[in-house]
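# Structural features, examined
Residue-level listing of the chains:
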Amino acid sequence: MGNLLSYSGISAKIRAMQSKLTTEEQLLEILQLSDVPQVIAYLKRTPEYAEVWKDLDENSLHRGQIEKLLKTSIFHNFSRIYQFANKEQRKFLDLYSKRYEIRVLKEIMTDLFDHRDTDPVDITPYCEFFRKHSKLDLEQLTACTNMEEFIAALKGHEFYQPLSQIRNHESALLFDYGMALDLYYFSQIWNVRKKLFSGNDLKEITTAYGEKFDMLNLQFIFRSKKFFHMTPADIYALLIPMNYKLKKEEINALVESTTHEQTRALFRRTYYGKKYEHLEAHNLEEFYNVMLRDTLEKEARRDPYSVAVLYSYLYHKEHEVYRLTIALECVRYGVDPQEALQYIRNN
Amino acid sequence: MIEKMKFLSITGPKADIDRMTETYLSRYEIHLESALAELTEDANLSPFLEINPYREALTSISSFYEQLEDPESVTPQKMDTETAVSVVRRLQKESRELSETREKLHAQHAEMIDSLKIIRPFRNLDYDVSEILKFQYIHYRFGRIEKQYFKKFEKYIYDALDTIFLKCSEDEQYYYGVYFVPKHQAHKIHAVYSSMHFEQIFVPDCYQGTAKEAFSILDKLHKDIHAALEQNKKDSERFLIDNRTAIVSAKAALEACSSSFDIRRLAACTKGENNTFYILCGWMTEKDALAFQADIKDDDKIFCLMEDEQSPAKKTPPTKLHNPKLFRPFEMYIKMYGLPAYNEMDPTWFVALTYSFIFGAMFGDVGQGLLLFFGGLILYKTKHMDLAGIISCAGIFSTFFGFMYGSIFGFEEVLHAFWLKPMTAMMDVPLVGRLNAVFVIAIGFGMFLILTCMVFNIINSVRNHDTEKTWFDSNAVAGLVFYGSIALSAVLLVSGKKLPAAAVMAVMFGVPLLLMFLKEPLTNLVEKKKQIFPEQKGMFFVQSFFELFEVLLSYLSNTLSFLRIGAFAVSHAAMMEVVLMLAGATEGGSPNWIIIVLGNLFVCAMEGLIVGIQVLRLEYYEIFSRFYAGNGREFLPFKKRECQ
């Protein structure tokens, strides 16, 4: 009952916002268009972008700029929800927004590692959002020229500790730093969930994130075995130290298995193998998104007055932007609409 | 009064300079000038160069002195130079011993701290370390592993692996420990450990017994070293405290020697290999100079030349004020404004009189005046504060005016007013109307002061042979006549007498104004310069016109400025009335004495401050600006007279 009251407003708002998101039919129409300005003109007519983009000149915009604008729209919508949310709901949103922080940190680190001399990371899409929701000083961080400075600039922030730990390892790579941030974030979610949430919310969070972590672990295992031929010990070192439905023995067996058939048989016997019948070890990559979306939608439908609604909307919004970005790319390079739709559906 | 100065040149054999300084310059105050700069026409002089032998000892004692806590509290004792130098040597030796001990301890500490740091995380290992290090068929590694990886390791791998991990200790991030593997599997298992980010720590074979014993031995050693360092620190402090008197005394003695020695910097030498002479030049008061000359008459190694009529000194002498004891505190105000030049009039006595008088008039109260007098006197005698002396003087006049106004601690009815009550005494002034009498008197007094200052200015200017400032300036004779005419007319007007005839008035006001208007050409005329009028005549007339306008305005504003004397006399009475009202003394019956006392203290402090500042402003702005330049330089004796 309490949930019904506290979520009734935000749930209605989210439903309204969700209805504006670009649908698959619209994407199909977009794919029929012949060039990028037309796509922008099309988007300018949709309810999601009509208001914010009304002053833009579609002919002068580059595809990269459009992608930034799309990214900005994620943060814009997040802020709208945040403003509407009460204290309890903001706890979740605060936790969730760290994902964006990690995203921008990774972008900056990529820049530091790969092409130091090219343009710095464009932080304009993030600026507005970070002023409101984050303690990170983006200007200072983007001004750094190497990892040492970057880590030093983070001093006092929660991400300092995991990153500085990695620095102690010999020959630390971009992947290790990114992994450290992710692991830190995931374990934080898993560890604080019981303190922050209760009742239905706790249940939804546990399911959503638990399945996510399990799936990520499965992905890690399959990927590292299939593509990188890593030793079991190296694989273990990368796993997210959280188990939801995957048992320790199952993970052990999966990691130690030697042949492809053996792996597949082992996977069949796990919770996920039983739950999703057409899920196979080889299409796990593609299925990860489908499954996550499926879980979130189901939860949001079952419990429309819970935190699952927030999570589900934020996921869909990001997903919409991702798909639009692919669509734009396909239009730009003249990919056949049918083939393009395949790419989009896979994500 | 400004002391008369005489310029002296002292000379003697080069080697005799220290004896001369020691014997005579400590008795006679002399303001030295750089001899080389003074005696420029004689090219045969060179600077007196010699290395100061006390410099090194002085530097070293100064460094000790700086380490002392609160060195001012120690009174230096008399010490001769040899003792001072030997004290410095002794102190240097002792402190060197202390610092050598300290360095030795630091070295020991640096040597053992690494092995202690290595063994610390493994101190719970109850096994002989060097035996482990000698294992042949079992491989081992000391090290640490991050907690998150260790958890994964324990969960997924440890049970299946032929290895033993001994956890020794942990901190926030890591588990420390040692693991063992059989030799034939070592390669594989080392790889697993390194996958789990196990970081090896190299343990040298330098420990005795079990890790626990080795740690406790090293830990004790470490503590001992720290204790010894602490002790060393205490010894150093002790050393400073024990020697504080010696340090302060030796520093004072060496400083005196060194500065006497530094007299060479101001001296010059005659040229030549042998028979060189030093030359010192400087200023002495006339009295000192004569006494000094008499003193050295029998000393055949010193020759002294004094300026006289034939060879007068070329430079302006420094200023040394010499005033009666009573006026001496007021020298502070003069110094704040700027010392008078040597040939200028010393305004100290004038300031002393007017300051105290005006202060008294503005703050007339018998009780509070006496408080100021005694308070100031006590502070002046004990703390030697000049300001307190000034307050004390002002207090006397305050008391005096208290009697005149009949006011004691704000009670107006107790004493009979010898003169008038500032609040109530009124007076009719033509053209203005009824006014407080004190206002009119204040203005009158102000006019008198302004006239006096003009006279001073004329005297100073005559002495300086400054024609413009003597005759045509707004503070010169022209100004004096003009302003005097105004003052006279005002007096006649107020006293109800008839004014002089219009023609006389026109001459009285018109002529001085014209003179002031034409002061530049007139000066040029008197000084017989070629060009009388400046080239741009129009510009000159416009400028002079506005200057004249400004002069007239400033006469008015400066006169009105003196109104404040009357205003404060009234305000004092009014403020005390408020105090009495608050205390309930006005309605009869017994007043609240606490409020009376606190109110009196408050008014006394606040008015004392405000009146003190206002009078100073009158002095500087209305009085000094008329006649006083204050651009003299101070007489700085090379050595203060010792008998003082």
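Look a little higher up for the structure.
Residues numbered from 1 in each chain as written. Chains lettered and ligands numbered in written order. Predicted model: local features only at pLDDT ≥ 70, side-chain atom pairs only at ≥ 80, totals over all residues. Heavy atoms only, no water.

## Topic: the nonpolar core
Here is the rule: Nine residue types can take part in a nonpolar core, namely buried Ala, Val, Leu, Ile, Met, Phe, Trp, Tyr and Cys, and a core is a set of them joined through side-chain atoms within 4.5 Å. Three labels apply to residues, based on accessible area from a 1.4 Å probe with only protein chains included: buried if under 20% of the type maximum, exposed if over 50%, partly exposed otherwise in between. The helix count covers DSSP runs of H or I at least four residues long, the strand count covers runs of E at least two residues long, and both are numbered beginning at the N terminus. Residues count as neighbours in contact if any of their non-hydrogen atoms are within 4.5 Å of one another.
Counting 128 residues, the largest nonpolar core has A:F92, A:F150 and A:Y209 as the members making the most contacts within it. Residue contributions to this core peak at 14 residues, all from helix α18 (residues 307–332) of chain A. Residue contacts for A:F92: discarding those within four places in its chain leaves A:F197, A:I205, A:Y209, A:V307, A:L310, A:Y311 and A:L314. Core analysis: the next-biggest nonpolar cluster, separate from the first, contains 57 residues, B:L548, B:I565, B:A569 and B:F627 among them.

## Overview of the environment of B:H572
All names here are of chain B. Selection rule: Residues adjacent in sequence count toward polar contacts only when both atoms are side-chain atoms; beyond that, a polar contact is any pair of N or O atoms within 3.5 Å, and within protein one must be able to donate a hydrogen and the other to accept it.
Assignment of secondary structure puts H572 in helix α21 (residues 563–583). Assessed through its relative accessible area of 2%, H572 is described here as buried. When the C-alpha positions of H572 and D365 are compared, they lie 8.6 Å apart, and in sequence the two are 207 residues distant. In contact with H572, not counting residues within four places along its chain, are M362, F363, G364, D365, Q368, V603 and E607. Side-chain polar atoms of H572 contact the side chain of D365, separated by 3.2 Å.

## A few points about helix α5 (residues 63–84) of chain A
Rule in force here: Each helix should span, by expectation, one fewer than its residue count multiplied by 1.5 Å.
A rise of 1.5 Å per residue sets the reference length of α5(A), with its 22 residues, at 32 Å; its end C-alpha atoms lie 32 Å apart and thus fit the reference within 8%. Of the residues making up α5(A), those classed as buried are A:R63, A:I66, A:L70, A:K71, A:S73, A:I74, A:F75, A:N77, A:F78, A:S79, A:I81 and A:Y82.

## A closer look at unusual backbone geometry
Residues and elements named next belong to chain B. Despite not being glycine, H465 has its phi angle at roughly 55°, a positive value. Structurally, the position occupied by H465 is in the loop between α15 (437–464) and α16 (467–472). Given the relative accessible area of 69%, H465 is considered exposed. Within the chain, K528 stands out as a residue other than glycine whose phi angle is a positive 55°. Looking at the element boundaries, K528 is found in the loop between α19 (519–526) and α20 (537–561). Given the relative accessible area of 75%, K528 is considered exposed.

## Here we look at the interface of chain B and chain A
Just so we agree on the cut-off: Two parts lose some accessible area (1.4 Å probe) when they are put together, and adding that loss for both gives the buried area. Any carboxyl oxygen of Asp or Glu within 4 Å of a side-chain nitrogen of Lys or Arg constitutes a salt bridge here. Each residue is assigned to one of three groups, with Ala, Val, Leu, Ile, Met, Phe, Trp, Tyr, Cys and Pro labelled nonpolar, Asp, Glu, Lys and Arg labelled charged, and all others, Gly among them, labelled polar.
Taken together, the 15 residues of chain B in the interface contact 17 residues of chain A. Between chain B and chain A the total buried area reaches about 1,400 Å² when both faces are included, carbon and sulfur atoms providing 51% of it. Looking only at chain B, the three residues that lose the most surface to chain A are B:K152, B:K155 and B:Y156, adding up to 44% of its buried area. Run the count over chain B and chain A and you get zero salt bridges. Between the two partners, chain B and chain A, sit five residue pairs in polar contact (both at pLDDT 80 or more). The set of elements that each furnish at least two residues to the side of chain B that touches chain A consists of α6 (147–157) and α7 (186–195) of chain B. Here the element with the most residues in the side of chain B that touches chain A is α6(B); it accounts for six residues. Of the residues belonging to the side of chain B that touches chain A, the class tally is six nonpolar, four polar and five charged.

## What about α18(A)?
Residue and element names in this part refer to chain A. Over its 26 residues, α18 runs 38 Å from end to end, which matches the ideal 38 Å to within 8%, given 1.5 Å per residue. Most of α18 is tucked away: 23 of the 26 residues are buried. Within two residues after α18, G334 carries a phi angle of roughly 60°, on the positive side.

## Examining the environment of A:L218
Residue and element names in this part refer to chain A. Within the element layout of this structure, L218 appears in helix α12 (residues 199–228). For L218, a relative accessible area of 0% puts it in the buried group. Considered as a pair, L218 and I251 are 33 residues apart in the sequence and their alpha carbons are 8.3 Å apart. The contacts of L218, once residues within four sequence positions are left out, are L246, L254, F267, Y272 and L284.

## Re the sheet that holds strand β7 (residues 198–200) of chain B
Residue and element names in this part refer to chain B. Quick note on the threshold: A pair of strands is considered paired only if DSSP assigns at least 2 bridges between the two. Lines fitted to C-alpha atoms define the axes, with helix axes restricted to the stretch in contact, and inter-axis angles between N-to-C directions lie between 0 and 180 degrees.
Across the sheet, four strands lie side by side as β5-β6-β4-β7; this open sheet has antiparallel pairing. Two strands in the sheet have a free side with no partner beyond their single neighbour: β5 (164–170) and β7. Between one strand and the next, the sheet's axes are offset by a mean angle of 35°, whatever the strand orientation. With nine bridges connecting them, strand β4 (residues 138–146) and strand β6 (residues 174–182) associate as antiparallel partners. Across the sheet, the residue bridging to R141 is Y179, located in β6. Contacts from α7 reach β4, β5, β6 and β7, with the element oriented near 165° to β6.

## A word on a negative patch on the surface
Residues and elements named next belong to chain B. Threshold: Patch membership requires over 30% relative accessible area and the absence of a salt bridge. Like charges are linked within 9 Å, and nonpolar side chains (Val, Leu, Ile, Met, Phe, Trp, Tyr) within 5 Å. Working definition of accessibility: Shrake-Rupley area with a 1.4 Å probe, residue cover restricted to the visible protein chains. Note that His is not counted, nor are the chain ends; the positive residues are Lys and Arg, and the negative ones are Asp and Glu. One atom stands in for each charge, and that atom is NZ of Lys, CZ of Arg, CG of Asp or CD of Glu.
Taken together, E69, D70, E72, E230 and E237 make up a surface patch of like negative charges. By the secondary structure assignment, E230 is in helix α8 (residues 211–242). Given a relative accessible area of 42%, E230 falls into the partly exposed group.

## As for the side chain of A:R193
Residue and element names in this part refer to chain A. You can see R193 is positioned in helix α11 (residues 174–196). A polar side-chain atom of R193 sits 3.1 Å from a polar atom in the side chain of T206. The contact partners of R193, leaving out residues within four places of it in the chain, are L202, I205 and T206.

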